Amino acid sequence: MSPIASSDILILGVETSCDETSAAVLRNGRELLSHIISSQISTHQKYGGVVPEIASREHLLHFQGVMHQTLSEAGVKFSDLSGIAVTYGPGLVGSLLVGVAGAKAMAYAAGVPLIGINHLEGHIYANFLNTPDLTFPLLALLVSGGHTHLVYFEGHGHYQVLGHTRDDAAGEALDKIARALGLGYPGGPQIQKAALSGNPHAFEFPRAMLEPGSLDFSFSGMKSAVLNTLNSARMKGEELSVPDIAASFQQAVIDVLVRKALLALERTGAKTLVLAGGVAANALLRERLTEELQTRNIRFLYPPSIFCTDNGAMIATAGYYHYLVQDFAPWNLNAVPGLNLA
C-alpha cells in the first residue's frame, strides 16, 4: 500500500441498512484500503429472518468497533478523509438511524462533507469497484431481498428505473420459500444449495410476465403456487422432494429475471448489463445471463460475491462519484426507510 498523498480522495463508506454493520475506505475510486463487515446472520437465524429491533441494537454494539478497525486497517486518520458516505435509505429505520447518526457525528468532527447514498444505487455501484472503466449507457439488473429493479444508466447520476417489483422481491420470495421448506435463513443460498440435487422441471410453477411489454416484476403468485403445492401435499399425506421444489422454484424466478433483462436490453439498445444485489451471487442466474448475452454480444459484469450482499465498499464507491460533483448531504440528513431509486 503506497503512502497517503494530499491529493488522494479518501472516502469512508458506512452501511447499516439491515443486518450488516460495514465500513470501507476507498482511495480515488479504485483502491480499497480496508473493508470490514460485521454480520448478524447467526443472531437472526433462530428467528428465520431479520428482527428489526435486534438488528438496530446489534449495530449500536458494533458500530464504533467496526469504524475503528476500518480506519486502522487502512492506515488513515479522520483528518485524512475527504468525505464520509452513508446509506440513508431504503432499509430498516432503526438500523439506518444508527449509521446516519454515526456518520454525521464523524463527518462533523472531522470537518469533511457528508454524502447520503441510496442503498440501491450503492448495490449497482459495486460493479464500478472492480471495473471502474465501465462505459455508458448500461443496464443494471438489481436483485436483492427487498428489491428487484431494472435501471438504465446514461451516466453517473443520470438513470431511469424501467421496471420494479409490484409485490415480493425475488430475494424475499426465495427467503419465504426456503422457510416453508425448512431450509433456514438466509434463504437464497439455501435454495441454491438444495436445488443442486433437484430436477428444475419437476414442477411447472407460473412465470408472471404481466402486461405485454411490461418490465415490472411480480413474484407473489409464484410464491403462492409453491405454498399451495406444499399445503396440498401435506393434506394428502404426500411427501414431496425438497430439492425438486427448490430447483423448480429457482428456475421459475430466474426465467422471469432473464426474460425481463433481455427485453430491457432490446428496448434500450444498451451493450452492457451489470448484475447487482444479494441474489446476484446466485450461480445459476449468472450462468443463464452469461449464456444469453454471449450470443447477443452484450458485455456482462457482476461483483464478487462479497460485494453482492450489503457492504461498505459499495457505499464508498457510490460516495466517490457523488464527491466528484460535490453532491453533499445537509447536516439534517435523516433515515428514509422507504427511499425510492429515482
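Quick summary incoming for the structure in this document. Computed from a predicted structure; not experimentally measured.

Criteria and thresholds
Residues numbered from 1 in each chain as written. Predicted model: local features only at pLDDT ≥ 70, side-chain atom pairs only at ≥ 80, totals over all residues. Heavy atoms only, no water. Helix = DSSP H or I, 4+ residues; strand = E, 2+ residues; numbered from the N terminus. Axes fitted to C-alpha atoms, helices over the stretch in contact; angles between N-to-C directions. Parallel < 35°, antiparallel > 145°, perpendicular 65-115°, else oblique. Left-handed = near helix turned anticlockwise from the far one by under 90°. Contact = heavy atoms within 4.5 Å. Nonpolar A, V, L, I, M, F, W, Y, C, P; charged D, E, K, R; others polar. Buried < 20%, exposed > 50% of the residue type's maximum accessible area, 1.4 Å probe, protein only. Lys, Arg positive; Asp, Glu negative; His and termini not counted. Salt bridge = Lys/Arg side-chain N within 4 Å of Asp/Glu carboxyl O. Pairing = 2+ DSSP bridges. Phe/Tyr/Trp six-rings, centres within 6.5 Å; stacked < 30°, edge-to-face > 60°.

## Re unusual backbone geometry
No. 1: The residue after phenylalanine 136, namely proline 137, is reached through a cis peptide bond having omega 0 degrees.
No. 2: For proline 137, the location among the structural elements is in the loop between helix 4 (119-130) and strand 6 (138-143).
No. 3: Residue proline 186 follows tyrosine 185 across a cis peptide bond; omega there is -5 degrees.
No. 4: Mapped onto the elements, proline 186 comes out in the loop between helix 5 (170-180) and helix 6 (187-195).

## Focus on the packing of helix 6 against helix 8 (residues 242-268)
No. 1: With their axes 7 Å apart at the nearest point, helix 6 and helix 8 run at an angle of 115 degrees to one another. Viewed along their axes, helix 6 and helix 8 adopt a mutual orientation that is roughly perpendicular. By crossing handedness, the relation of helix 6 to helix 8 is classed as left-handed. Residues Ile191, Gln192, Ala194 and Ala195 of helix 6 lie in contact with helix 8, whose contacting residues are Pro243, Ala246, Ala247 and Gln250.
No. 2: Classifying every residue of the contact of helix 6 with helix 8 by side-chain character gives 6 nonpolar, 2 polar and no charged.

## Observations concerning the side chain of glutamate 20
No. 1: Within the secondary structure, glutamate 20 sits in strand 2 (residues 20-27).
No. 2: Of the buried charged residues, glutamate 20 lacks a salt bridge, with arginine 179 as the closest side chain of opposite charge at 14 Å.
No. 3: Apart from the residues lying within four places of it in its own chain, the contact partners of glutamate 20 are Glu15, Ile37, Ser38, Ser39, His59 and Asp310.

## A closer look at the sheet that holds strand 3 (residues 31-39)
No. 1: Read from one edge to the other, the open sheet built from 5 strands follows the order 3-2-1-4-5, with strand pairing classed as mixed. Two strands in the sheet have a free side with no partner beyond their single neighbour: strand 3 and strand 5 (114-118). Each neighbouring strand pair of the sheet contributes to a mean axis angle of 20 degrees, computed without reference to strand direction.
No. 2: The sheet contact formed by strand 4 (residues 83-89) and strand 5 spans 5 bridges and is parallel. What sits directly across from alanine 85, in strand 5, is isoleucine 115.
No. 3: Here helix 4 sits on the sheet and contacts strand 1 (10-15), strand 2, strand 3, strand 4 and strand 5; the angle it forms with strand 5, its principal contact strand, is near 95 degrees.
No. 4: Set on the sheet, helix 10 (residues 312-324) makes contact with strand 1, strand 2, strand 3, strand 4 and strand 5; between it and strand 1 the angle comes to about 130 degrees.

## Let's talk about the packing of aromatic side chains
No. 1: If you walk through the whole model with that rule in mind, you get 12 aromatic pairs.
No. 2: An aromatic cluster of three or more residues is present, and its members are Tyr125, Phe128, Phe136, Phe153, Tyr159, Tyr320 and Tyr321.

## Re the pairing of strand 7 (residues 148-155)
No. 1: Within strand 7, 7 of the 8 residues are buried, which leaves it mostly tucked inside the rest of the structure.
No. 2: Here 6 bridges tie strand 6 to strand 7, and the two strands are oriented antiparallel to one another. The residue bridging valine 143 from the neighbouring strand is threonine 148, located in strand 7.
No. 3: From the end of strand 6 to the start of strand 7, which pair antiparallel, there are 4 residues.

## Overview of the packing of helix 7 (residues 220-236) against helix 8
No. 1: With their axes 11 Å apart at the nearest point, helix 7 and helix 8 run at an angle of 165 degrees to one another. Our classification of the angle between helix 7 and helix 8 gives roughly antiparallel. For the element pair helix 7 and helix 8, the recorded crossing hand is right-handed. Here Met222, Lys223, Val226, Thr229 and Leu230 of helix 7 come into contact with helix 8, specifically with Ile245, Phe249, Ala252, Val253 and Val256.
No. 2: The residue makeup of the contact of helix 7 with helix 8, split by class, is 8 nonpolar, 1 polar and 1 charged.

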